[in-house]
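Geometric and topological summary
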Amino acid sequence: MTRLERDEPPTSGLVRILIVVAASLVVIFALGVAAGMISAAASQGGSHSATFYLILVAVVAVAAGAIWLIFRNRAIVDLPASPRMRKSRIILYASGVVGLVAGMAMVLFEGSDTAGWRTLFASDEPISPAATLVLLAALIGGFGLSIRWHMLLDEHERAAYDFGAVVSIYLYFLLSAGWWLLARGGFAAVPNGYVIFWVVMVTWLIGWVVRRYR
């Protein structure tokens, strides 16, 4: 009797890119936890309990598993064969690096505690001049990279970008006008432009990712 083999359905591009992003965040978090545990253990000196080593091994195992997931789905982040799209992908990755450097700068200048991070997501919290200049440089640099990236898009990438843009602009009209009406009627607080900005930007990103990798 011959056994029939069933082919597993291929994982969609959207699922694979989400796996890579989530696994990368897990690796960063796990390595941070492991480094913190080792640093704390070194400062205390002496021998440590078996529980300490079990937790450390578990954290390292989680990081290793996440790295394996990234390696298994690495094809989704490989550079395309087309020279034009290869440049576009490199610019996209460079934009991510700019954001990462800006985030590290915020930790350096504002502190890694909750109060320090809250300044980034609040519209009225002051930030240091150094952090302001770094974020402004990241904003200008990211803006320039975005323009160049947009110029290199093909019709498929442009369609995904335009889809996210249209969804976000419709949401902007609904959210800003609706919130304003609710505030005028006494049902809500005064519209917060900073919140509206982030909602629109995140919606744009989600719309582009869903249309691009589905």
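Residue positions are counted from 1 within each chain, in the order its sequence is given. Given that this is a predicted model, residues contribute local features only at a pLDDT of at least 70 and side-chain atom pairs are listed and counted only at 80 or more, while totals for whole chains, interfaces and linings are drawn from all residues. Excluding hydrogens and water, the side-chain values take into account all heavy atoms of the structure.

Let us now look at the overall build of the protein. Of regular secondary structure, the protein possesses seven helices and zero strands. Its helices and strands in sequence order give the protein the pattern α-α-α-α-α-α-α, from N to C terminus. Here the analysis covers contacts within the protein between residues at least 6 apart in sequence; of these, 63% occur between residues at least 24 apart. Surface accessibility follows the Shrake-Rupley procedure with a 1.4 Å probe radius. Residue values consider only the protein chains on display as shielding. Accessible surface, the protein: about 14,900 Å² in total, of which carbon and sulfur atoms supply 71%. By definition, any uninterrupted DSSP run of H or I lasting at least four residues is a helix, any uninterrupted run of E lasting at least two residues is a strand, and each is numbered from the N terminus. We call two residues contacting when some pair of their heavy atoms lies within 4.5 Å.

Moving on, we come to the nonpolar core. We define the nonpolar core as a collection of buried residues of types Ala, Val, Leu, Ile, Met, Phe, Trp, Tyr and Cys that are connected through side-chain atoms lying within 4.5 Å of one another. The buried label goes to any residue with under 20% of its type's maximum accessible area, the exposed label to any with over 50%, and the partly exposed label to all in between, with areas taken from a 1.4 Å probe on protein chains only. Counting residues in each nonpolar core, the largest one holds twelve residues, listed as Leu14, Ile17, Val20, Ile76, Ile91, Trp149, Leu152, Leu153, Ala160, Trp208, Val209 and Tyr213. With sequence-adjacent residues up to four places away left out, Leu14 is seen in contact with Val209, Val210, Tyr213 and Arg214. By size, the runner-up hydrophobic cluster in this structure holds eight residues, among which are Ala30, Ala34, Ala41 and Ala63.

Along the chain, the position of Arg89 falls in helix H3 (residues 83-110). Here Asp and Glu are counted as negative and Lys and Arg as positive; His is not counted, and neither are the chain ends. By definition here, a salt bridge exists when the distance from a side-chain nitrogen of Lys or Arg to a carboxyl oxygen of Asp or Glu is within 4 Å. Of the side chains with opposite charge, Glu157 comes closest to the buried, unpaired Arg89, at an N-O distance of 5.9 Å. For Arg89, the residues in contact, after removing those within four places along its chain, are Ile76, Val77, Asp78, Leu79, Pro80 and Arg212.

Following both chains from N to C, one finds helix H6 (residues 155-184) and helix H7 (residues 193-213) inclined at 150°, their axes separated by 7 Å at the closest point. Classified by the angle their axes make, H6 and H7 are roughly antiparallel. Handedness of the H6/H7 crossing: right-handed. In this analysis, axes come from line fits to C-alpha atoms, helices being fitted only over the stretch in contact, and the angle between any two N-to-C directions falls in the range 0 to 180 degrees. Comment on the angle field: the value is read as roughly parallel under 35 degrees, roughly antiparallel over 145, roughly perpendicular from 65 to 115, and oblique elsewhere. Handedness of a crossing follows from how the near helix is turned relative to the far one, being left-handed for an anticlockwise turn of less than a right angle and right-handed for a clockwise one.

Take the environment of Ile67 next. Along the chain, Ile67 turns up in helix H2 (residues 50-72). In the structure, Ile67 is positioned 47 residues away from Val20 in sequence and 9.0 Å away in space, judged by C-alpha atoms.

Moving on, we come to a positive patch on the surface. On the surface, Arg84, Lys87, Arg148 and Arg158 cluster together into a positively charged patch. Assessed through its relative accessible area of 37%, Arg148 is described here as partly exposed. Put simply, a patch holds well-exposed residues, over 30% relative accessible area, that have no salt bridge, with like charges counted together within 9 Å and Val, Leu, Ile, Met, Phe, Trp or Tyr side chains within 5 Å. Taken as the charge centre is NZ of Lys, CZ of Arg, CG of Asp or CD of Glu, depending on the residue.

Take the packing of aromatic side chains next. Put simply, two rings from Phe, Tyr or Trp (the six-membered ring, in Trp's case) pair if the centres are within 6.5 Å, and we call them stacked under 30 degrees between planes, edge-to-face over 60, tilted for the rest. Applying the stated criterion to the full structure yields seven aromatic pairs. A ring pair is formed by Trp149 and Trp208, whose centres lie 5.9 Å apart and whose planes are at 90°; its orientation type is edge-to-face. Residue Trp149 is found in helix H5 (residues 129-151), and its partner Trp208 is found in helix H7; the two are separated by 59 residues along the sequence. With relative accessibility at 9%, the residue Trp149 sits in the buried group. Considering the side-chain rings of Phe197 and Trp198, the 5.4 Å spacing of their centres and the 75° angle between planes classify their relative orientation as edge-to-face. For Phe197, a relative accessible area of 42% gives the class partly exposed. Taking relative accessible area as the criterion, Trp198 reaches 38% and is therefore assigned partly exposed. Put simply, the rings of Trp149, Tyr161, Trp204 and Trp208 touch in pairs and so form one group of aromatic residues. By the criterion adopted, a ring carries a charge over it if an Arg CZ or a Lys NZ lies within 6 Å of its centre and within 35 degrees of its normal. Sitting over the ring of Phe163, Arg211 keeps its end group 5.0 Å from the ring centre.

What follows covers the confidence of the model for the protein. On average, the protein scores 80 in pLDDT, and the residues at 70 or more come to 83%. At the low end of the mean pLDDT range in the protein sits helix H4 (residues 114-121), at 55; at the high end sits H6, at 92. Here pLDDT means the predictor's own confidence in every residue, given as a number from 0 to 100. Note that pLDDT drops below 50 for residues 1-8; the model gives that stretch zero contacts with residues more than four away or on any other chain.

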